[in-house]
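Here is how the chains run, residue by residue.
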Amino acid sequence: DQQVKQNSPSLSVQEGRISILNCDYTNSMFDYFLWYKKYPAEGPTFLISISSIKDKNEDGRFTVFLNKSAKHLSLHIVPSQPGDSAVYFCAATHSGTYKYIFGTGTRLKVLA
Amino acid sequence: DVKVTQSSRYLVKRTGEKVFLECVQDMDHENMFWYRQDPGLGLRLIYFSYDVKMKEKGDIPEGYSVSREKKERFSLILESASTNQTSMYLCASSFISRGRRPQYSNQPQHFGDGTRLSIL
């Protein structure tokens, strides 16, 4: 049972445009969500997070939106740059556990 | 900056061998984790540890064991390596939140660069 799903395995976007990566979850207990970026031959790097008490968190070009009723979160990258080309994982957890459940990842390619 | 170091980037071993993967973090984090990453399956938790000598099974512990003798070091052991354990192995660490955890104090995990293990 996959509690965190990233249904798009890949996404291509033109440089300068917006990239939108999506993530759905099924466990209503999740209350903290994170996005990680992973380059080939490197470990995932933490990008941005959001608590369930918020519906939006912004950090520079990166914004994460949370829609609790739809159990959906998205990562917006504006403007997209070629250096953003990587695999993006969303992850979720909840109070009382140290487990983080990861999605399967979306490979973003930003075209110059 | 947090530094999580995995001892080997690439490792090739034979079926039946006992394999040790080492991970060291330098930020005095209580929590340490071992994941494996496989195409189409994302990151799956093998084991985690929340203190020295303390460990808990993750989602796929079969065929693995762990050791945490010192706070900064977390070792993953493949007792008798098999070909289905060929994978990318990732170690991570994070701070722990004691007692009731307010939602805003959750801590992201910091990852090492991974060990690509091939079992022949």
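Residues numbered from 1 in each chain as written. Chains lettered and ligands numbered in written order. Predicted model: local features only at pLDDT ≥ 70, side-chain atom pairs only at ≥ 80, totals over all residues. Heavy atoms only, no water.

**Q** I would appreciate a short explanation of the packing of aromatic side chains in the present structure.
**A** To describe a pair of aromatic rings, one takes the distance between the centres and the angle between the planes. As enumerated under the stated definition, the model contains 13 aromatic pairs over all chains in all. Ring geometry for Y35(B) against F111(B): centres 5.7 Å apart, planes inclined by 40°, an arrangement best described as tilted. Remark: F111(B) occurs in strand β10 (residues 110–111) and Y35(B) occurs in strand β4 (residues 31–38); sequence separation between them is 76 residues. Of the two residues examined, Y35(B) and F111(B), each falls in the buried class. An aromatic cluster is present here, built from Y36(A), F46(A), Y100(A), F102(A), F33(B), Y35(B), F48(B) and F111(B) joined pairwise through their rings. (Phe/Tyr/Trp six-rings, centres within 6.5 Å; stacked < 30°, edge-to-face > 60°. Helix = DSSP H or I, 4+ residues; strand = E, 2+ residues; numbered from the N terminus. Buried < 20%, exposed > 50% of the residue type's maximum accessible area, 1.4 Å probe, protein only.)

**Q** Can you help me understand the pairing of strand β4 (residues 32–38) of chain A in this one?
**A** Sheet faces and side chains relate simply in a regular strand, where the side chains alternate between the two faces. All names here are of chain A. For β4, the tally of buried residues reaches seven of seven residues, placing the bulk of the element in the interior. Burial of the side chains of β4 extends over both faces: Y32, L34, Y36 and K38 are buried on one face and F33, W35 and K37 on the other. With six bridges joining them, β4 and strand β5 (residues 45–51) adopt antiparallel strand pairing. Within β5, the residue paired with Y36 across the bridge is F46. Hairpin connection, β4 to β5: the antiparallel pair is bridged by six residues, and A41 has positive phi, about 65°. (Pairing = 2+ DSSP bridges.)

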